[in-house]
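Okay, here's what each chain looks like letter by letter:
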Amino acid sequence: MSKQPKYRQLADVLRREIEEGAYNPPNKRRLPSESELATRFDASRNTVRSGLALLVSEGLITSSQGLGYEVTRHEPFELNASRFENLNFPQHGDSYNTDVTNAGRKPHQTFRVEILPAPKDIAQRLRVEPDSRAVLRFCHRYVDNVPWSTQATYYPAWLADEAPRLAEPGDIEEGTTRHLAARGIEQVGYFDEISTRMPTPDEARLLEIGAGVPVLLWMRTGYSSERPIRCTITTFRGDLNRMNYEIGDQSVRSENGIQ
């Protein structure tokens, strides 16, 4: 017999059912009522509420007064980080649009462009003086109309002088990496840093993150053969994203039927 408190046992059962898709379309996303769960688990209403509150804190369900509890999960999007922005792979538009479209899903993004002082940590990565002028290109991205990520890319002022389009508002359809390469400024390598934390209030608002859901931070510093040319910080919803890398010969992986 489990030594776990009953509310945790209840949460464990419901969590497993959610992960197995019991409450996903075409089934209803709404969980049974508190009274139905109390009967099912032979538990008090307070015990049921404690179990449901645990799932709310994990970001698996949301509660609405008068409407009960509903599963909040959507289908995660898988990003191949080693192919992202790789000019050796065919693209239709920028990397984000290409990857989302190729997955059979719908991309949408908005843009903001600013010229501002480079934050200290960004200036260090770009090897420029702190507070020196930088171009920020900020994207708010969606997959199937659900907030997916925000992306803030900083370019040093000298690069904006050589490629003025970086500082202009709106999208660069082919992607900035291809645009710069066409102007003779090729990204020959990058350094990635990956971390997780809980979202700031602004991040939670922009990404519509529920309680208990962390964000995945992906910072990529790109280099030409001479110096850094940009630093990109992508903030993902932790519940809707998976990231993978492909490194080296993986022919055995395909031969074994692993995708």
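Residues numbered from 1 in each chain as written. Predicted model: local features only at pLDDT ≥ 70, side-chain atom pairs only at ≥ 80, totals over all residues. Heavy atoms only, no water.

1. Topic: helix α3 (residues 45-57)
At step 1: With 13 residues, α3 ought to run about 18 Å at 1.5 Å a step, and its terminal C-alpha atoms sit 18 Å apart, in line with that.
At step 2: Along α3, the positions that sit buried rather than exposed are Val 48, Gly 51, Leu 52, Leu 54 and Leu 55. Angularly, the buried residues of α3 cover 150° about the axis, an arc narrow enough to put them on a single face.
At step 3: Contacts made by the buried residues of α3 are with α1 (6-19), α2 (34-41), β1 (61-64) and β2 (68-71).
At step 4: Just downstream of α3, Gly 59 is the residue with a positive phi angle, here 80°. (Helix = DSSP H or I, 4+ residues; strand = E, 2+ residues; numbered from the N terminus. Expected span 1.5 Å × (residues − 1). Buried < 20%, exposed > 50% of the residue type's maximum accessible area, 1.4 Å probe, protein only. Arc of directions from axis to C-beta. Contact = heavy atoms within 4.5 Å.)

2. So, the side chain of Asp 239
At step 1: Checked against the element boundaries, Asp 239 lands in the loop between β9 (228-237) and β10 (241-244).
At step 2: Excluding residues within four positions of it along the chain, Asp 239 makes contact with Pro 76 and Val 213.

3. Side note on the state of the cysteines
At step 1: The tally for this structure, following the rule as stated, stands at zero disulfides.
At step 2: In this structure Cys 139 is not part of a disulfide, and its nearest cysteine sulfur, from Cys 231, lies 14 Å away.
At step 3: What makes Cys 139 buried here is its relative accessible area of 5%. (Disulfide = S-S within 2.5 Å.)

4. Considerations on the pattern of salt bridges
At step 1: Applying the stated rule across the entire model yields 15 salt bridges.
At step 2: For Glu 70, the salt bridge goes to Arg 30, with nearest N and O atoms at 3.3 Å. Of the two residues, Glu 70 sits in strand β2 while Arg 30 sits in the loop between α1 and α2, which places them 40 residues apart along the sequence.
At step 3: Here Glu 34 and Arg 45 are joined by a salt bridge, their closest N and O atoms 3.3 Å apart. Here Glu 34 is found in helix α2, whereas its partner Arg 45 is found in helix α3, with 11 residues between them in sequence.
At step 4: Its relative accessible area of 16% is what places Glu 34 among the buried residues.
At step 5: Its relative accessible area of 39% is what places Arg 45 among the partly exposed residues.
At step 6: Three or more residues are tied together by salt bridges with common partners; here these are Glu 34, Arg 45 and Arg 49. (Salt bridge = Lys/Arg side-chain N within 4 Å of Asp/Glu carboxyl O.)

5. Details of unusual backbone geometry
At step 1: In this structure, Asp 42 takes a positive phi of about 50° despite not being glycine.
At step 2: Mapped onto the fold, Asp 42 is located in the loop between α2 and α3.
At step 3: Owing to a relative accessible area of 64%, Asp 42 belongs among the exposed residues under this scheme.

6. Re the packing of aromatic side chains
At step 1: Within this structure, the stated rule accounts for three aromatic pairs.
At step 2: Seen from their ring centres, Trp 148 and Phe 236 are 5.3 Å apart, and the 65° between their planes marks the pair as edge-to-face. Here the residue Trp 148 occupies a position in strand β6 (residues 146-156), and Phe 236 occupies one in strand β9, the gap between them amounting to 88 residues.
At step 3: Residue class for Trp 148 comes out buried when judged on its relative accessible area of 4%.
At step 4: Classification of Phe 236 by relative accessible area gives buried; the value is 2%.
At step 5: Where Trp 218 meets Phe 236, the ring centres are 6.2 Å apart and the plane angle is 20°; that geometry is what we call stacked. Linking Trp 218 in strand β8 (residues 215-223) with Phe 236 in strand β9, this pair joins segments that are 18 residues apart in sequence. (Phe/Tyr/Trp six-rings, centres within 6.5 Å; stacked < 30°, edge-to-face > 60°.)

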